[in-house]
Amino acid sequence: MISATHYLTLAAILFAIGTVGVITRRNVITMFMCVELMLNAVNLTFITFSRFLDQIDGQIFVLFVMTVAAAEAAVGLALIVVLSRHTGTLDVDQANTMKW
Amino acid sequence: MVLEHFWILILFPLVGAAMNGILGRRFPHPVIAWLSCSTVALSFLVALLSFYNFIRLPEDQRILTHHLFTWIQSGNFISEFSFLLDPLSMVMILVVTGVGFLIHIYSLGYMAGQSGYYRYFAYLNLFIFMMSVLVLADNYLLMFVGWEGVGLCSYLLIGYSFEKRTAGDAAKKAFILNRIGDVGFLIGVFLIFRTFESVQYLTVFQAVSEQFAVMGTEFGVLGAITLLLFIGATGKSAQIPLYVWLPDAMEGPTPVSALIHAATMVTAGVYMIARSAPLYSRAPETLFIIAVVGISTALLAALIATVQRDIKKVLAYSTISQLGYMFLAMGVGAFGAGVFHLLTHAFFKALLFLGSGSVIMALHHEQDLFKMGGLRKYLPVTFYTMWMGALAIAGVPLFSGFFSKDAILWKTFAAGNEALWLMGVVVAGLTAFYVSRLMFLTFHGGERSEKHHQGAPDPSPKEPSWSVTLPLIILAGFSLLAGYIGLPSYLGNNRLEEFLAPSFRFQFSGQAASAMEHAHLTEVILTLVTLAVAFLGFALAYHFYIKNPQVAERLANRFPWLYSLLRRKFFLDEIYDWLIVGPVQRISRTILWKGMDVHVIDGLVHGTASLMQAWSHRVKRIQSGYARLYATWILGGALLILFYYYWISP
Amino acid sequence: MTLIVFYGLAATAVTAAILVVLMSRVVYSALALIVCFGATAGLFFQLGAQFIAAVQVIVYAGAIMVLFLFVIMLLDPASEVFLPSRLKRVPVFALACAVLFTLVLLEAADRWAAAQVFTDSIAGTERSSGPGGEIETLAHSLFRDYLLPFEVTSILILVAVLGAVVLTRQHHETE
């Protein structure tokens, strides 16, 4: 028998992995993909709750998350393109002019 | 129809002040002058028309109010912007606009060619406006607006020649001393509102006549209110202890001294007390204090006036002394007599000031009495008119001052204050002495001015233009005739008192008119005593300054301490300096400035700045510009929040 | 059986996720991400959300990842060169944070389970849904209760599209 805890644990692990990726990787695109990974983990939680609380709203939220993620991907990737053209690198640590 | 719109008379001077004040710099002098004079003339005309219609009303209808708009409304506090025309304000507004108009005319000649011409006339118009508001207001708060406004105009006009240090200092002194009084006034108004829940005269008077129908014996809230208002009056009307500003106020142009510091503004305190007669007549303790303060001021100022060398200073102290008389009248409950003296004083004192201005002009701004003399043949008009004023102030029979001063002294005696009456008589003698001294030194005897201008041929002084002499003549006429509206009871009807009666109808009437009221014989005898004393003063002055000019000097040498005491005005300025000004300055410098300001306030400001700087130097490292680091911070924050919700506050 | 399927899919997802983070070449990361998404889609299916599973495969693993791959091809990033950075301690911190985070979430899940918030468990893929199946319920909810948010999202997507175009176009013009 699979309980909700199984799914939630898996989602937590996936989310943590995504977080570590965002923080440790320096390539913008990889960071971005790690963000998608985190979103995916969140989606999994939503679906789990939807299933185990027997409410459809969780699925609706996942749909919204996906649309937002798609929009985010479009804008984010455009930004990445602009950034790489501008600085010639995809290393976020090089793009650190916005500081004191 | 005119009567309903009496209030528009306040608008004309305001318009004149606004136009002269804003655009005057560009106007040629005649435009400024005529604009200014015509606005006041219009006001005077409206006042006259109102008066004409006013006296044809039946006596019980002679209280008109006109509500313009609600000025302040807050909770149950309401202050209306509305005006009240009753006999008292009618008299006052006639004096203000009438004398004001004459002095505007006079100013045409006196101020001709002076710099800041437009400024002068704008201030003067503003003064008329403010004074009208003060007089016509129908509640204490609006009166306070006018009260402050005339104080401001007085300040501006004393400091008219502000490039002179003494003028600036005098202006500040006047303003600050007035402010001290104003605090008292304002607190008094607060207290009135607290007690009666209104600041409207009629409401307050109605309430007071119901709540205090029986004369209370203890010093209660009414005593506090009246005393506080009186503090305001001592500031505005130059009474002990706040009178010291008025002599210095003579730094202003002479017409200003005549209008503001003799005829109108300084009488505002008297007017205010007369207006508040329903309150004062129920506070006997305050009345007694007022009477004592009034007569002491009168005596002190008259003594100082006898030795002053500056012609305007003599008149200034004389004004203080006469105001003391008015307060004495208020203090013995003779409000009508006080207003009567206010009225006659406005005429003869304005006349004396304007005459002295004419002398000063003729002598090219020489104000020292001992450098004048023998001006009689050069300035005939000034000479005769000023003598009229002098006779009036000295209380010579048939002149206006005689009637009003006598009314006050008689009422004082009749109210059972023989000691106060005696002092009043002494003051009358002193008045006769100092005013004749002034006249003798100025117009009679040899010409001392030529000694002053050695060598240089002194062009003989000339009578100034018509705009100077005309007001003198008119005022002389009033000084002669104004007394006949208030004849003593043994000669006929006191029309002024009858006219004013509706204004004082809420007055406390518990004290039945004493039996003395109709003791004509006593009254006549007392009048004769006063006359004798006044004549003595006159004779002394004649002896000292015409027959034996050395006697005065010898006396001064014989009693040097007395002379210098009087010359230095009883050292009151010095005492005030030592007692109040010095400590305040010391405290300001050592504690407030060097202590509070430098260390505490600056320390706070600088400390805040440097603290922020030091911290931001450390904190700014967080803003590394590394996106990954920011992400880490976010993660850390999210963790903290989760910890909080699951472990600390589940 | 379902337990075996779950563990298989979970293992795949976690492995793929770790690969996404560890791969030094971006393309490999992207491919691993697609695998991860696929595994998650399987889990969605197992949870009875067939429609979401389909959308996950079509939109996420399909469209979005294709977009990623296009960008990767366009920019052709070299494999990550570890330039000297001042953030050497960040990975350690990140790992610590992640472990803590996971622990927090697990604790929370345990509490929910203990509080018996959930229906006990699932035996298989069958699910008690209304007539017309799960998709109809979803459609009802989406187009009735959530109509306004739905429309707002469509505007959001429009804006995103325009934004993407503007961002990349402007650069062309300046060149």
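The preceding data block contains the structure.
Bear in mind the structure is a predicted one, so any value in this text is a computation, not a measurement. (Residues numbered from 1 in each chain as written. Chains lettered and ligands numbered in written order. Predicted model: local features only at pLDDT ≥ 70, side-chain atom pairs only at ≥ 80, totals over all residues. Heavy atoms only, no water.)

K.L.:
Describe the overall build of chain A, listing the residues and the values that go with them.
P.N.:
Tallying secondary structure elements over chain A gives 3 helices and 0 strands in all. Walking chain A from its N terminus toward its C terminus, one meets helices and strands in the order α-α-α. Within chain A, the fraction of its 100 residues that count as buried is 66%. Sequence separation of 24 or more characterises 60% of the internal contacts of chain A that already satisfy a separation of 6 or more. When the accessible surface of chain A is summed, it comes to about 3200 Å², and 69% of that surface belongs to carbon and sulfur atoms. (Helix = DSSP H or I, 4+ residues; strand = E, 2+ residues; numbered from the N terminus. Buried < 20%, exposed > 50% of the residue type's maximum accessible area, 1.4 Å probe, protein only. Contact = heavy atoms within 4.5 Å. Areas by Shrake-Rupley, 256 points an atom, 1.4 Å probe, with all protein chains shown as cover.)

K.L.:
Explain the overall build of chain B to me, using residue names and the numbers behind them.
P.N.:
In terms of regular secondary structure, chain B is built from 26 helices and 2 strands. Residues classed as buried in chain B amount to 55% of the 650 residues present. Pairs at least 24 apart in sequence give 81% of the contacts found in chain B among residues at least 6 apart. Carbon and sulfur atoms provide 68% of the accessible area of chain B, an area that totals close to 27300 Å².

K.L.:
With reference to specific residues and values, describe the side chain of Ser154 of chain B.
P.N.:
Mapped onto the elements of the fold, Ser154 of chain B is located in helix 5 (residues 140-158). We classify Ser154 of chain B as buried; its relative accessible area is 1%.

K.L.:
With reference to specific residues and values, describe the interface of chain C and chain A.
P.N.:
Chain C puts 86 residues into the contact, and the matching count from chain A is 71 residues. Regarding the contact of chain C and chain A, the summed buried area is about 7200 Å², with carbon and sulfur atoms giving 76% of it. Our count for the contact surface shared by chain C and chain A stands at 0 salt bridges. Between chain C and chain A we count 7 residue pairs in polar contact (both at pLDDT 80 or more) in total. For the side of chain C that touches chain A, the elements supplying multiple residues, two or more each, are helix 1 (2-22), helix 2 (26-46), helix 3 (50-75), helix 4 (90-114), helix 5 (133-145) and helix 6 (147-174) of chain C. Among the residues making up the side of chain C that touches chain A, the classes are represented as 62 nonpolar, 18 polar and 6 charged. (Buried area = accessible area lost by both parts, 1.4 Å probe. Salt bridge = Lys/Arg side-chain N within 4 Å of Asp/Glu carboxyl O. Polar contact = N/O pair within 3.5 Å; in protein donor to acceptor, adjacent residues only side chain to side chain. Nonpolar A, V, L, I, M, F, W, Y, C, P; charged D, E, K, R; others polar.)

K.L.:
Give a detailed account of a nonpolar patch on the surface, specifying residues and quantitative values.
P.N.:
All names here are of chain B. On the surface, a nonpolar cluster with roughly 700 Å² of combined accessible area is contributed by Ile587, Ile591, Leu592, Met596, Val600, Ile601, Leu604 and Val605. Within the secondary structure, Leu604 sits in helix 25 (residues 572-619). When its relative accessible area of 56% is taken as the criterion, Leu604 is described as exposed. (Patch = residues over 30% accessible without salt bridge, like charges linked within 9 Å, V, L, I, M, F, W, Y side chains within 5 Å.)

K.L.:
Which residues make up the nonpolar core, and what values do they have?
P.N.:
Core analysis: the largest hydrophobic core is formed by 206 residues, its most contacted members being Tyr140, Ile273 and Leu279 of chain B. Looking at which element gives the most residues to this core, the answer is helix 15 (residues 335-362) of chain B, with 17 residues. With residues near it in sequence (within four places) discarded, Ile273 of chain B still touches Phe230, Ala233, Tyr280, Ile290, Phe327, Met330 and Phe335 of chain B. In this structure, Val81 of chain A together with Ala13, Ala16 and Leu75 of chain C belong to the second largest nonpolar core, which totals 77 residues. (Core = buried A, V, L, I, M, F, W, Y, C linked by side-chain atoms within 4.5 Å.)

K.L.:
Pulling in residues and values, what's your account of the interface of chain B and chain A?
P.N.:
Listed by partner, the interface residues are 11 residues for chain B and 14 residues for chain A. Across the chain B/chain A interface, buried area totals approximately 1100 Å², and carbon plus sulfur atoms make up 61% of it. Contact with chain A buries surface across chain B, with Gly625, Tyr626 and Arg628 of chain B losing the most and accounting together for 48% of the total. Applying the counting criterion to the chain B and chain A interface returns 0 salt bridges. Put simply, chain B and chain A have 0 residue pairs in polar contact (both at pLDDT 80 or more) between them. Of the residues contributing to the side of chain B that touches chain A, the split by class is 4 nonpolar, 4 polar and 3 charged.

K.L.:
Describe the packing of aromatic side chains, and please don't skip the residues or the numbers.
P.N.:
Residue and element names in this part refer to chain B. Under the definition given, this model contains 38 aromatic pairs over all chains. The interplanar angle of 10° and the centroid separation of 4.8 Å between the aromatic rings of Phe69 and Phe81 together place this pair among those described as stacked. Separated by 12 residues along the polypeptide, Phe69 in strand 1 (residues 64-74) and Phe81 in strand 2 (residues 77-85) bring together distant segments of the chain. The exposure class of Phe69 is partly exposed, given its relative accessible area of 40%. Their ring planes at 75° and their centres at 5.7 Å tell us that Tyr120 and Tyr160 sit as a pair that is edge-to-face. Within this pair, whereas Tyr120 is found in helix 4 (residues 117-136), its partner Tyr160 is found in the loop between helix 5 and helix 6 (165-196), the two being separated by 40 residues in sequence. Considered together, Tyr120 and Tyr160 belong to a single accessibility category, that of buried residues. Ring-pair connections join several aromatic residues into one group, and the members of that group are Trp387, Phe440, Phe535, Phe538 and Tyr542. Taking the ring centre of Phe175 as reference, the NZ or CZ of Arg179 above it sits at 4.2 Å. Seen from the ring of Trp615, Arg618 lies directly overhead, with NZ or CZ sitting 5.5 Å from the centre. (Phe/Tyr/Trp six-rings, centres within 6.5 Å; stacked < 30°, edge-to-face > 60°. Lys NZ or Arg CZ within 6 Å of the ring centre and 35° of its normal.)

K.L.:
Can you break down the pairing of strand 1 of chain B residue by residue, with the values?
P.N.:
Note: strand 1 of chain B against strand 2 of chain B, 9 bridges, orientation antiparallel. The residue of strand 2 of chain B that forms the bridge with Leu64 of chain B is Leu85 of chain B. (Pairing = 2+ DSSP bridges.)

K.L.:
So what's going on with the pattern of salt bridges? Residues and values would help.
P.N.:
All names here are of chain B. In the structure shown here, the tally under the stated rule is 9 salt bridges over all chains. Residue Lys173 is joined to Asp248 by a salt bridge in which the shortest nitrogen-to-oxygen separation is 2.9 Å. Taken together, the residues Lys173 in helix 6 and Asp248 in helix 9 (residues 245-248) connect sequence positions 75 residues apart. As a salt-bridge pair, Lys411 and Glu497 come within 3.4 Å of each other at their nearest N and O atoms. With Lys411 in helix 17 (residues 400-414) and Glu497 in helix 21 (residues 495-500), the pair connects residues that are 86 residues apart, well separated along the chain. Here Glu497 falls in the partly exposed class, since its relative accessible area comes to 27%. In the salt-bridge network here, residues are joined through shared partners; they are Glu148, Arg179 and Asp182.

All we've got here are geometric facts, nothing functional implied.
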